[in-house]
Amino acid sequence: MAIAVMGDDDESTSSLILRLGSLGFDAIHARAGSRAFGRVLEASDIILCASLDDAEAGVEACGHLPAPYLLLTDELPGSDEMLAAMRHGVIDIIRTPTADEELDRRVRNGIERAKPSDLRIAGQLDTLERDQRAGRYVQQRMLPPSPYTIGGYRLSHRVQPSMILSGDFVDYQRLGPDHFVFYIADVSGHGASSAFVTVILKTFSRRLRRDDPSAHARDPNALLAALNGELLEQGLGKHVAMFIGVVDLAANTVTYANAGHFPHAIHAAGDGALFLESHGKPVGLFDEVDYDVTTVSVEPGESLVAFSDGVLECMHEDGLQAKESRLVSCAAERAPDIAGLWSGLGLAEGTPGPDDMTCLVVAREA
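Rules behind the numbers
Residue positions within a chain follow its written sequence, with the count starting from 1. With the structure being a predicted model, the display of local features is reserved for residues of pLDDT at least 70 and the display and counting of side-chain atom pairs for 80 or more, all residues being used for whole-chain, interface and lining totals. For the side-chain quantities, the full set of heavy atoms in the structure was used; hydrogens and water were omitted. Strands here mean DSSP runs of E at least two residues long; helices mean DSSP runs of H or I at least four residues long; both are numbered from the N terminus. To define a nonpolar core, start from buried Ala, Val, Leu, Ile, Met, Phe, Trp, Tyr and Cys residues and group those joined through side-chain atoms within 4.5 Å. Here the term buried applies to any residue with accessible area under 20% of the maximum for its type, exposed to any over 50%, and partly exposed to those in between, with areas from a 1.4 Å probe on protein chains only. The contact criterion used is simple: two residues touch if any of their non-hydrogen atoms lie within 4.5 Å. Where helices are involved, their axes are fitted lines through C-alpha atoms of the stretch in contact, as for all axes, and angles between N-to-C directions lie from 0 to 180°. In this scheme, roughly parallel covers angles under 35 degrees and roughly antiparallel covers those over 145, while 65 to 115 is roughly perpendicular and the rest are oblique. Under the convention adopted here, Pro, Cys and the residues Ala, Val, Leu, Ile, Met, Phe, Trp and Tyr are nonpolar, Asp, Glu, Lys and Arg are charged, and Gly plus all remaining residues are polar. Cavities and pockets are defined on a 1 Å grid built over the protein atoms alone: a cavity is a set of grid points where a 1.4 Å probe fits but cannot escape, while a pocket is an open set with protein on both sides within 12 Å along at least five of seven lines, and lining residues are those with an atom within 4 Å of any such point. Grid points are joined across faces, edges and corners, and a volume is the space filled by probe spheres set on the points. Pairs of strands are assigned from DSSP output, requiring at least two bridges between the strands. For Phe, Tyr and Trp, rings pair up if their centres lie within 6.5 Å, where Trp contributes its six-membered ring, and each pair is then called stacked (planes under 30 degrees apart), edge-to-face (over 60) or tilted (otherwise). For this analysis, a polar contact is any N or O atom pair within 3.5 Å, provided that within protein one partner can donate a hydrogen and the other can accept it, and provided that sequence-adjacent residues contribute only side-chain to side-chain pairs.

A. Main features of unusual backbone geometry. Residue Thr96 is joined to Pro97 through a cis peptide bond whose omega torsion reads -5 degrees. Take Pro97: it is sitting in the loop between strand S5 (90–95) and helix H5 (100–114). Following Phe262, the chain continues to Pro263 via a peptide bond in cis, the omega torsion being 5 degrees. Examined against the element boundaries, Pro263 turns out to sit in the loop between strand S11 (253–259) and strand S12 (266–269). One non-glycine residue, Asn252, lies in the positive phi region at around 55 degrees. If you trace the backbone, Asn252 turns up in the loop between strand S10 (240–248) and S11.

Following this line, the structure appears as structure tokens:
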């Protein structure tokens, strides 16, 4: 274990280093202001210092706490100073002068406390996994029921995260008696930070359901622009690729827009299937956004199928063109059966891939 000894008094510091050496420790002088100061601290397992100013100087030099501190002082600090010492990374205070035997015992205890034990690491990992699984439970509760029926349309989904938490999300909500909205979203990145954004998406959905439905709320361009502003306001540094559609139950049409989502959604009809090609910027990146809005009719027995791009990474075809062709043919043959779509693409249920994988199907009942 490497020990750094801080101090401006060369004579007393050298004396302490010699004492530590005689006790079997490998100690080196960390001289504040020297070119090697930060590197010496970073390479140390524990640091001996004579004041809180020394401890603060070490943190400033490295930009973070380089290692735990042992504070050697001739006067025990008061309660406020004790709290300040703990905040600076001090794990023990040794009152000087002290005998070699006591110094040896306290330094060895400090080194042992500073050493990350396998048991401690395992405990931290267990706690992290429990927290992640609790988050996964909350995330699953935020997803809508699957399957679910709204006015003659059957909606179903599957979300398979690459880790415990997912950055993919789907939702659908009624917008008054004659309309409902649905979307598939892919948050940039993976893990907990991306999963947090799905909470914002769910809040957005609930607000749509709660607010008085209007023509503005039934416009995918307006909905995406509102969500874009909300994400920018949060300042999370995350953006979302999203395909969103509004279904008119009276006219049996879907009005949709694409905010950077890929692959494109697929319209699966009785005589085949085709991509609903539409382009736009992801939400949460740019101040000004405007999306092309397109309307398509949905006949009885037809479906809209949308996948997240994580599905492409687990398909076995060579090249993007071959994978896109497989998506279209699989949607034509197997929609609206989610399990059939999944197996038809060669995806193993419950087996995580390198990215989150999601499928959303909106099918008009025959």
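B. Local environment of the nonpolar core. Counting residues in each nonpolar core, the largest one holds 48 residues, and the members touching the most others are Phe180, Phe182 and Met242. No other element matches the seven residues that strand S9 (residues 179–187) contributes to this core. The contact partners of Phe180, leaving out residues within four places of it in the chain, are Ile150, Tyr153, Leu155, Gln173, Arg174, Leu175, Gly245, Val246, Val247, Leu249 and Val362.

C. A look at the packing of helix H1 (residues 10–22) against H5. It is the contact of H1 with H5, at a shortest axis distance of 10 Å, that shows an interaxial angle of 80 degrees. When the axes of H1 and H5 are compared, the pair comes out roughly perpendicular. From H1, Leu16, Arg19 and Leu20 reach across to H5, where they touch Asp100, Leu103 and Val107. Per-class residue counts for the contact of H1 with H5 are four nonpolar, no polar and two charged.

D. The layout of surface pockets, seen in detail. Of the pockets and cavities examined, the largest pocket occupies roughly 320 Å³. Surrounding the largest pocket, 17 residues form its lining, Ser12, Leu16, Ala50, Leu72 and Thr96 being those nearest its centre. If you list the elements that add at least two residues to the lining of the largest pocket, you get strand S1 (2–6), H1, strand S3 (46–49) and strand S4 (69–73). Ranked by the residues each element gives to the lining of the largest pocket, the list is headed by H1, at five residues.

E. Expanded view of the pairing of strand S8 (residues 168–174). S8 sits mainly inside the fold: six of its seven residues count as buried. Between the antiparallel neighbours S8 and S9 lie four residues, among them Gly176 with a positive phi of about 80 degrees.

F. Geometry of the packing of aromatic side chains. Taken as a whole and assessed by the stated rule, the structure comprises five aromatic pairs. Ring centres of Tyr148 and Tyr172 lie 6.2 Å apart, and the angle between their planes is 15 degrees; this geometry places the pair in the stacked category. Taken together, the residues Tyr148 in strand S6 (residues 148–150) and Tyr172 in strand S8 connect sequence positions 24 residues apart. Judged by its relative accessible area of 4%, Tyr172 falls in the buried class. Between Phe243 and Tyr256 the ring centres are 5.5 Å apart and the planes differ by 35 degrees, which places this aromatic pair in the tilted class. In this pair, Phe243 sits in strand S10 while Tyr256 sits in strand S11, placing the two residues 13 residues apart along the sequence. Grouping residues by exposure puts Phe243 and Tyr256 together as buried. Each residue in the set Tyr153, Phe180, Phe182, Phe243 and Tyr256 is aromatic and connected to the rest through ring pairs, giving one cluster.

G. Fine view of the environment of Ser146. Along the chain, the position of Ser146 falls in the loop between helix H6 (118–142) and S6. Judged by relative accessible area, Ser146 falls into the partly exposed class, the value being 37%. Sequence separation of Ser146 and Arg108 is 38 residues, and the distance between their C-alpha atoms is 59 Å. Dropping the residues within four chain positions of it, Ser146 is found in contact with Leu155, Ser156, His157 and Tyr172. At 2.9 Å, the side chain of Ser146 and the backbone nitrogen of His157 are in polar contact.

H. Examining the sheet that holds strand S7 (residues 153–160) more closely. Ordered in space as S6-S7-S16-S15-S12-S13, the six strands form an open sheet in which the pairing is antiparallel. Lying at the two open borders of the sheet, with one neighbouring strand each, are S6 and strand S13 (272–275). Between one strand and the next, the sheet's axes are offset by a mean angle of 20 degrees, whatever the strand orientation. With four bridges connecting them, S12 and S13 associate as antiparallel partners. Bridge pairing in S13 places Ile266 opposite Phe275. The strands touched by helix H10 (residues 320–334) within the sheet are S12, S13 and strand S15 (303–307), with S13 carrying the most contacts at an inclination of about 135 degrees.

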